[in-house]
Amino acid sequence: MKIERRLPRLTAKHGREAIQLFDKALTDYFSKSHLKTPQAHTQFIRYLYAEVAICLRHTPNFGVKFGPRAPDVVQIVSDMIALFHSHPEEYEALKIAYGAYLLAVSSNEAFTDIFSETYMASQFKVSHAQHFTPPDLSTLCAKLTMVGNKTYEDQQAEIDEFKSKGNSPFDMYFPVYSVGDICAGAGALHLGTLRALHQKYPDQVRYHSLMLNDLDEECSLMALIQHVMPLWYCEDVRSFHSLNVYRGDAITERSEEHTSELQSRLHLVCRLLLEK
């Protein structure tokens, strides 16, 4: 049975309902999994990552490089085939949860943080001692940094003038802003920044270079997924300039002065570069 037949039709105005539907589908998958809930969640995230990794290799305008700390996509696909044969009901529930996640992405504003909310609502914050920044707070922090920010306002005025003459904003050049988070979790703060930019200065999203790191593999994969999926499933989304996702210990694998040791090839999960 196709996923679409098991999910209601929702539009962009039903964003909250779509997230609740995803949470319900994920819970149903957990109940049918032969694994304990934390391991089942890891399996779901790895499945999503494999889908993203395969699609990225065939996405135009992106230069893509996967590093040594990226999971083996071939192994993940093999595990999914084995799951299909050994636990078909569980596999079907996983596919339904996957479809519900895509629906949640496409039914909400671009760069909406979906995983942090569902992740923190589960038992993971107890078993993993993890606490993520609430999506509303991350968006508020981003907006506060933009209030009265003359750099953004001046650049937007230049872009608007350039566009009024029939030119494309993609032909303009501005310095690229580098934004980093060495304890990114599911990417909440970066997503809040991109979401606020997309709401007020959408043309300026492409002038941001993002660096995300987390010690936990599952978190680094969630951050990657949440930054890439809106580019495909949300309407009128501008891509960021580049995205670098790492997995490493922000305390022991970097110096006090800078993060260059952390941002090495050995720690790389995935690097994306927008190619004009």
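What this report covers is the structure whose coordinates are included nearby.

Conventions we followed
Residues numbered from 1 in each chain as written. Predicted model: local features only at pLDDT ≥ 70, side-chain atom pairs only at ≥ 80, totals over all residues. Heavy atoms only, no water. Salt bridge = Lys/Arg side-chain N within 4 Å of Asp/Glu carboxyl O. Helix = DSSP H or I, 4+ residues; strand = E, 2+ residues; numbered from the N terminus. Buried < 20%, exposed > 50% of the residue type's maximum accessible area, 1.4 Å probe, protein only. Pairing = 2+ DSSP bridges. Axes fitted to C-alpha atoms, helices over the stretch in contact; angles between N-to-C directions. Contact = heavy atoms within 4.5 Å.

## What to know about the pattern of salt bridges
This model, assessed by the stated rule, comprises five salt bridges. For the salt bridge of D28 with K32, the shortest nitrogen-to-oxygen distance reads 3.4 Å. Remark: K32 and D28 occur in helix α1 (residues 15-32); sequence separation between them is four residues, near one turn of the helix. The class of K32 is partly exposed, set by a relative accessible area of 31%.

## Examining the sheet that holds strand β4 (residues 242-247)
Strand order in the open sheet formed by five strands is β1-β5-β4-β3-β2, with mixed pairing between adjacent strands. Whereas interior strands pair on both sides, the edge strands pair on one side only; in this sheet they are β1 (62-66) and β2 (177-181). Each adjacent strand pair in this sheet contributes to an overall mean axis angle of 10 degrees, direction not counted. The pairing of β2 with strand β3 (residues 208-214) spans five bridges and is parallel. Note on β3: the bridge partner recorded for S178 is S209. Strands in contact with helix α2 (residues 37-56) are β1 and β5 (268-274); relative to β1, the strand with the most contacts, it is inclined by about 130 degrees. Packing against the sheet, helix α10 (residues 217-233) makes contact with β1, β3, β4 and β5, and its axis sits at approximately 165 degrees to β4.

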